[in-house]
Amino acid sequence: MPRFWNSDRKGKSGETLEDTSKVTIEEGTLAEINNILKNFREQGEYTFGDIADSLPVLPGLEIDGVGPISLPLAAFQAKEIIQVAERSPYGKEFQTLVDDSVRKSWQLKPEFVRFTNPDWKVGLDALMKKVKDRLALNDIPLRCSLYKMLLYEEGGHFLKHRDTEKEDGMFATMVIQFPSNHEGGDLVVYRNGKEESVHDFGKSSGKSKYAHHYAVHYADSEHQLRAVTKGYRLALVYSICWPKDMINFRQLDDGSAMEKLKDLFAKLDTHFFMFFNHEYTASALTQRGIDALKGIDRDRFTLMNSANKKANEKLVMHIVKVALENDYYDVSGSHCHDDCEWESNRSVQNVRDWRSMDGRLISEKWKTVSFSDNMLNPDDATLSQLWGTGNVTYEGYLGNESATKSTKYERYALVAWPQDQSFEYFTEFIGTQYAITWSLMKDPERLHETLQALIKMEKEENNDPSIRFYNLGSKRESLELSLFEKICEALTKKKDIELVRLFFFDIVKTLKFHESEIFRVVDAIIELVVCFSVEVMLPIVSVVLKDSTQKYLHLRCLIAREKSFSSLAITFLSHETVETLLQQDVLLKLVLHSTFRMVDSVQFDRFLEIIKNISPQNLSKILADARDLNSDATKDPNKWEALCSLARKRLSYCASHINNLKRLSEGKSWEMPYATYSGNMNVQNFLRSAASSFTLYGFSGIGHARNHAFKYENQFSNASFIMYANGIGQNAHIVFTKTRKYFEGLGAKIKALEEESNKLKKVFKITVECDNPIPVAPSSATSKRPRSPSPDVIILD
Ligand SMILES: O=C(O)CCC(=O)C(=O)O
Ligand SMILES: [Fe+2]
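Parameters and conventions
Numbering of residues starts from 1 in each chain and follows the order in which that chain's sequence is written. Whichever chain is written first becomes A and whichever ligand is written first becomes 1, with later ones labelled in order. Residues qualify for local features only when their pLDDT is at least 70, as the model is predicted, and side-chain atom pairs are given and counted only at 80 or more; totals for whole chains, interfaces and linings, by contrast, use all residues. Each side-chain value is worked out from all heavy atoms of the structure, with water and hydrogens disregarded. Metal-coordinating donors are taken as N, O and S atoms lying within 2.8 Å of the metal, or within 3.2 Å when the metal is Na, K or Ca; because water is left out, some sites can appear incomplete. Classification of ring pairs uses Phe, Tyr and Trp, with its six-membered ring standing for Trp, and accepts pairs whose centres are within 6.5 Å; under 30 degrees between planes counts as stacked, over 60 as edge-to-face, and the remaining range as tilted. Secondary structure is summarised from DSSP: a helix means a run of H or I of at least four residues, a strand means a run of E of at least two, and numbering begins at the N terminus for each. Using a 1.4 Å probe on the protein chains alone, a residue whose accessible area is under 20% of its type maximum counts as buried, one over 50% counts as exposed, and one in between counts as partly exposed. For two strands to be treated as a pair, DSSP must find at least two bridges joining them. A cutoff of 4 Å decides nearness: a residue is near a molecule or strand if any of its heavy atoms lies inside that distance of it. We get accessible surface area from the Shrake-Rupley algorithm with a probe of 1.4 Å; when it comes to residues, only the shown protein chains can shield them. Three classes are used, and their members are as follows: Ala, Val, Leu, Ile, Met, Phe, Trp, Tyr, Cys and Pro are nonpolar, Asp, Glu, Lys and Arg are charged, and the others, Gly among them, are polar. Throughout, nonpolar core names a set of buried Ala, Val, Leu, Ile, Met, Phe, Trp, Tyr and Cys residues whose side chains join them through atoms within 4.5 Å. Note on definitions: salt bridges are taken to be side-chain nitrogens of Lys or Arg within 4 Å of carboxyl oxygens of Asp or Glu. Of the two site types, the cavity is a set of points on a 1 Å grid over the protein atoms alone where a 1.4 Å probe fits but cannot get out, and the pocket is an open set with protein on both sides within 12 Å along at least five of seven lines, each lined by residues with an atom within 4 Å of a point. Grid points are joined across faces, edges and corners, and a volume is the space filled by probe spheres set on the points. Per the annotation, domain bounds derive from an automatic or database assignment of domains. We call two residues in contact when some of their heavy atoms are within 4.5 Å. Fitting a line to C-alpha atoms yields each axis, with helices limited to the stretch in contact; the angle taken between N-to-C directions then spans 0 to 180 degrees. Every residue carries a pLDDT, the predictor's confidence in it, which falls somewhere between 0 and 100. One less than the number of residues in a helix, times 1.5 Å, gives the span that helix is expected to have. Think of the arc as the fan of directions from the helix axis to the C-beta atoms.

- Where an unreviewed UniProt entry is consulted, the protein appears under the name Fe2OG dioxygenase domain-containing protein, with the organism given as Rozella allomycis.

So this is what it looks like as C-alpha cells:
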C-alpha cells in the first residue's frame, strides 16, 4: 500500500541512468540465442491508430444533464458539458492531484454517457477485432471497457505519463476521438524514451471532422497529449484488458527461428537473464503470471516457450524482479541544491521475488548478482534503456555532512537454466533450504538423501551459530518452518520411524522455533503423532517441545482432537491457554464444538470457569462461533445461559468501546489509545499520547533508520502516521507524524461493533441495554497480530 519512496524535495523524480554502455555477449550459445531473439520480429504493433470507420458517424451520444450532443462538438455544447464535468486529476505515486500544468482537461464518468445508436456497440466490436489483429492477439478474447470521456478546451493537454492499470487485467489503452474541429491535441507515444508515433486522429488526412479516429498504446508506454490550440476535443478512453481466465500461450509449431532455438536450448549449459521490455505490476504478475506479458516480451516468450517444449522442457524458467541500487554523495562541498555533484558510493544489483510461470511467488529471497555475464540483450539496449526510469529514494542535507541520495531501478526479467542444474541454481539464487524443499517435492522418494543433505548443511552452518537462525535481520537462514512442515508431511507418507528419528534427533533437536511459530510446528507434528501413535512419538517430539508446558498442552489438545476433544484436554486448559487458542480459528471451533457437546457436567462447569475469565475483547469470535452451535446449546438451558452471560459481557464491552471510539472520532485529540507499535515502546507511548509528532533517535546511520522504518511499516495497529527518515550518522532519526486516517477509519469500526451488538442481541434475545459498561483498557493481546497489510502507513524516506 501507499509507500512514498520518492520524497525528493527538489522534484527530480523519475531519474534515468546516465550509463550509455551496453551489455553484450560476444560468442557461444548465449550469443547465438541472443541473435535469434534479436532477429525475431515483433508480431504486433507497439502503438497504432487510424480512422474508426466501423463506428457510426452519428453515435447518438447523450450526456446526463446536457442531453443529445451533436458532432463535431459546438462551442455552446462544450460549455454545457464543462458545467457537468469534473477537472481531470492525475496520479503521482499513489496520490491523485489536479494541476493544470501537468494535465488540463475535463472528464465525465461512463455512467453519465450513453450511445443511443445500437450500431455503436456493433461498430465497437468490429473495431476491437481490428485492434486485436494489430496487437497480434486475435486468438485472445480481449475485453474493452469505457473508462472516461475527456473534453479538452484550448490549452488542454496532458504531459508525458504512463497509464495506471485501472482495472484487473488492463494492459493497454484505446482512445477514440469523435469527429472534431479542433487544432493541436496530437497523441505522442514514446518507446525507450524516444518518440515512436504521433497520432493526429485524422488531421493530416483532412478527415478528423467527418469520422471517428482511434489510437492504441500499451498502458506502460509513455505518452503525451499535446496542447489543443484551438477549439474543443472530445474523446473516449477505453481500457483494454486480458480475459479473466488464463490464456494458453500460443504454440509456434514451426519456423526456423524456433528450430534453431530448440537446438541451442538443448546444448545450453548455463543460465541467462532477459529483462522484460515492458513494465509490469506485481499484481498483474501475481494474477496472470507469464500471461501478463505484453508486446515484444510476449512474442519472445512464445518463441522461447515453444522451442523449450520441443526441446523436452530442457530449461526451467522463472520470473524475477531485478534491481539496481546506487548510493551517491555530494562532492561539490557546498550546500548544493540543483548543482550537486554526485559521486557514486555503492552500486549493487540484485535479484528477488521469484515467481513461477503462473505468477505464484515462490520466494522473496534476494541475492546480489552480476547480470552482465549472462544477460541477453536482444534489443541491443544501453544500460540506461534496460533499466528505464528509477526512483530517487532519498536526498538530504544535514549540518556539515554532505547530501546523499540513493536511486533504485527495478524491472522484471525472465531467468532460465537447464532443468538438470536446478538444485545448484536454486541453492545459488534462493538458498539450500529452497533447493531441498524443491527436490523433496519433486521426488519424495529421495527423502532419505534429502535428510542427509540437510544434516550436512546443518552441521556446516553449526560452525557459526550466530548466523544460524537470524541472518539479515528477520530472514531465517536455517531450517525454515515451511520446509519443516514439508518434511513432516513426507515422513507421514513414508511411515518409516527410523527416518523420523533421524530427522528429529539429528536436525530438529538443535532448532529453536520462534514462539509465534509453535502452532504450525505442532500442527505439523500432530500428523506424525497420529500416524505413529502418541506413545512412540511423544519422546521424539519432546525434543522440540521440551521446555514449554504451553506447547505441550497445545499438543495434548490436538492429540485429543482425535478422540473428539475429550475431557483430558479440558483438564489441561487454563484461561491463558484458551486466550492463546482463541487466536487460532480452527482450534477455537474445536474447543467450542466439543465443549458444547460435552455431557460430563463437571467438566463443562470447569470449562465455563475458564471462559468466564476470558477478556471481553476476545469474546467476539467465540460468540460468533457459538451462534452456529445454537441448536446444540439451546437444548440445554445451562449451556444456553452460559452463552448468554458471555454475550452480555461482550455487549457491555461493545457499548463502552463504541463510546470510547465515538469520543475519539470527534477528532478533538491526537490520542490513539489502542495503538500498538512493536518496534519501539517510546513510539507506542507517543502514539497513545496526545502529541502529534515525535522524533526517534538512536540509529547508527540513515540506513539503520530506514531499515527500521521499512521493517515496522506494517508492525503496528490502531494508529495512522507517516514515517520520515532523515539525518546522517548519529543524527539519523525518524520523524513520526500522526495522520487523521485512523480517526477517519473509526466510523467503520464503530459500525462493525454496532452490527455485532445488534446480532448478539438478536441471537441471544437480549433486549435491555447493558448498564455498567466495563471500562476498556488498551489490549496487548491484539498487538500480537498487527493488521496486515496495513493501509494506514505512508513511509516518507
Ligand atoms: O486524450 C487522450 O487522447 C489521451 C489522454 C490520456 O493519456 C489519459 O487519459 O491517460
Ligand atoms: Fe494516458
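## Considering the coordination of the iron ion (ligand 2)
In a perfect tetrahedron of four donors around a metal, the angles come out at 109.5 degrees. In a perfect octahedron of six, they are 90 or 180 degrees.
Logical step 1: For the iron ion (ligand 2), the full set of protein donor atoms is His161 (NE2), Asp163 (OD) and His223 (NE2), at a range of 2.0 to 2.1 Å.
Logical step 2: All donors to the iron ion (ligand 2) come from one chain, and their sequence spacing reads H-x1-D-x59-H.

## Thoughts on the packing of aromatic side chains
Logical step 1: Evaluated as defined, the whole model comprises 33 aromatic pairs.
Logical step 2: Ring centres of Phe273 and Phe371 lie 4.9 Å apart, and the angle between their planes is 85°; on these two criteria the pair is classed as edge-to-face. Highlighted residues: Phe273 in strand 21 (residues 272-275) and Phe371 in the loop between strand 25 (367-368) and strand 26 (375-376), separated in sequence by 98 residues. Just as Phe273 is buried, Phe371 falls in that class too.
Logical step 3: When the ring of Phe484 is compared with that of Phe503, the centres are 5.8 Å apart and the planes differ by 35°; the resulting orientation is tilted. Taken together, the residues span a long stretch of sequence, with Phe484 in helix 11 (residues 481-494) and Phe503 in helix 12 (residues 497-506) at a distance of 19 residues.

## A short note on the pairing of strand 17 (residues 213-218)
Logical step 1: Among the six residues that make up strand 17, six are buried, leaving the element largely enclosed by the rest of the structure.
Logical step 2: Side chains His213, Ala215 and His217 project from strand 17 onto one buried face, and the interleaved Tyr214, Val216 and Tyr218 project onto a second face that is buried too.
Logical step 3: Pairing between strand 2 (residues 47-51) and strand 17: five bridges, direction antiparallel. When the bridges of strand 17 are listed, Ile51 appears paired with His213.
Logical step 4: Sheet topology places strand 13 (residues 170-177) next to strand 17; six bridges connect them, and they run antiparallel. Looking at the pairing, Thr173 lines up with His217 of strand 17.

## Remarks on the site of ligand 1
Logical step 1: Near ligand 1 you find Arg103, Leu150, Tyr152, Phe158, His161, Asp163, Val175, His223, Leu225 and Arg233, and these make up its full shell.
Logical step 2: Here ligand 1 loses 95% of its free accessible area of 300 Å² to cover by the protein chains.
Logical step 3: Contributions of two or more residues to the shell around ligand 1 are made by strand 11 (143-152), strand 12 (157-161) and strand 18 (223-225).
Logical step 4: For the shell around ligand 1, a count of residues per class yields five nonpolar, two polar and three charged.

## Concerning unusual backbone geometry
Logical step 1: For the peptide bond that leads from Leu71 to Pro72, omega is -10°, which places it in the cis range.
Logical step 2: Here Pro72 lies in the loop between strand 4 (67-68) and helix 2 (75-84).
Logical step 3: We note that Phe201 has phi near 50°; this positive angle belongs to a residue other than glycine.
Logical step 4: With respect to the helices and strands, the residue Phe201 is situated in the loop between strand 16 (194-199) and strand 17.
Logical step 5: Residue Asn718 is not a glycine yet carries a positive backbone phi of 55°.

## Some thoughts on the nonpolar core
In summary, soluble globular proteins display a tendency toward joint burial of nonpolar side chains.
Logical step 1: By size, the foremost hydrophobic cluster in this structure holds 55 residues, and its most contacted members are Val131, Met174 and Ile176.
Logical step 2: Elements supplying a minimum of two residues to this core: strand 3 (61-63), helix 2, helix 3 (119-134), strand 11, strand 13, strand 15 (187-191), strand 17 and strand 20 (233-241).
Logical step 3: By size, the runner-up hydrophobic cluster in this structure holds 33 residues, among which are Leu30, Ile33, Leu285 and Ala311.

## Thoughts on the pattern of salt bridges
Opposite charge on two side chains permits them to pair, given that their charged atoms come into close proximity.
Logical step 1: Under the counting rule described, the total for this entry stands at 33 salt bridges.
Logical step 2: Arg501 is the salt-bridge partner of Glu498, the closest N and O atoms lying 3.0 Å from each other. Residue Glu498 and its partner Arg501 are located together in helix 12, separated by three residues, close to a single helical turn.
Logical step 3: For Glu498, a relative accessible area of 48% puts it in the partly exposed group.

## Observations concerning empty space enclosed by the protein
Logical step 1: Inspection of every chain in the model, using the stated rule, returns three cavities of 30 Å³ or more.
Logical step 2: Within this model, the largest cavity holds a volume of roughly 70 Å³.
Logical step 3: Examining the composition of the lining of the largest cavity, we find that three residues originate from one element, helix 5 (residues 282-288), more than from any other.
Logical step 4: Residue composition of the lining of the largest cavity, by class: six nonpolar, two polar and three charged.
Logical step 5: In terms of domain composition, the lining of the largest cavity takes at least three residues from each of domain 1 (15-19 + 250-428) and domain 2 (47-135 + 143-241).
Logical step 6: What the second largest cavity holds in volume is close to 40 Å³.
Logical step 7: For the second largest cavity, the full set of lining residues is Gly44, Leu135, Ala136, Leu137, Tyr218, Gly295, Arg298 and Asp299.
Logical step 8: Tallying contributions element by element places helix 6 (residues 295-310) first for the lining of the second largest cavity, with three residues.
Logical step 9: Among the residues making up the lining of the second largest cavity, the classes are represented as four nonpolar, two polar and two charged.

## Quick look at the sheet that holds strand 11
Logical step 1: Taken in spatial order, the seven strands of this open sheet run 2-17-13-20-11-9-5, and their pairing is antiparallel. If you trace the sheet from one side to the other, it starts and ends with strand 2 and strand 5 (86-87), each paired once.
Logical step 2: Its contacts with the sheet put helix 3 on strand 2, strand 11, strand 13, strand 17 and strand 20, and the angle it makes with strand 13 is roughly 125°.

## Considering the confidence of the model for the protein
Logical step 1: Summing up the model confidence of the protein, the mean pLDDT is 80 and the portion of residues at 70 or higher is 77%.
Logical step 2: Within the protein, the lowest mean pLDDT, 30, falls on strand 29 (residues 470-471), and the highest, 98, falls on strand 17.
Logical step 3: For residues 463-478, every residue scores under 50 in pLDDT, and the model assigns this stretch 31 contacts once sequence neighbours within four places are set aside.
Logical step 4: Confidence drops under pLDDT 50 across residues 562-568; counting only partners more than four residues distant or on other chains, this segment forms 12 contacts.

## Observations concerning helix 4 (residues 256-267)
Logical step 1: Over its 12 residues, helix 4 extends 17 Å from the first C-alpha to the last, a length consistent with the 16 Å expected when each residue adds 1.5 Å.
Logical step 2: Where helix 4 is concerned, the buried positions are Met258, Leu261, Leu264 and Phe265. What you see down the axis of helix 4 is that its buried residues fit within an arc of 125°, all on one side. In helix 4, those exposed residues whose orientation departs by more than 90 degrees from the buried face are Ser256 and Lys267.
Logical step 3: Taken together, the buried residues of helix 4 touch helix 1 (29-39), strand 21, helix 6 and strand 22 (315-330).

## Here we look at the sheet that holds strand 3
Logical step 1: Spatially, the three strands line up as an open sheet ordered 4-3-10, and their pairing is antiparallel. If you trace the sheet from one side to the other, it starts and ends with strand 4 and strand 10 (113-115), each paired once.
Logical step 2: Sheet topology note: the strand 3/strand 10 ladder contains three bridges and is antiparallel. Paired with Glu62 across the strands is Arg114, a residue of strand 10.

## Topic: the pairing of strand 23 (residues 342-355)
Logical step 1: Across 11 bridges, strand 22 lies against strand 23 in antiparallel orientation. Looking across to strand 23, one finds that Val322 is bridged to Val351.
Logical step 2: Two strands pair when backbone bridges link them, and strand 23 and strand 25 are joined in this way by two bridges, in the antiparallel orientation. Following the sheet pairing, Val351 is matched in strand 25 by Lys367.
Logical step 3: Linking strand 23 to strand 24 (residues 361-363), which pair antiparallel, is a turn of five residues; within it Gly359 sits at a positive phi near 95°.

## Some remarks on helix 3
Logical step 1: An ideal rise of 1.5 Å per residue puts 22 Å on 16 residues; helix 3 measures up with 23 Å between its terminal C-alpha atoms.
Logical step 2: Of the positions making up helix 3, those classed as buried are Trp120, Gly123, Leu124, Leu127, Met128, Val131 and Lys132.
Logical step 3: In this structure, the buried side of helix 3 is in contact with strand 2, strand 10, strand 11, strand 13, strand 17 and strand 20.
Logical step 4: Backbone geometry just after helix 3 places Ala136 at a positive phi near 60°.

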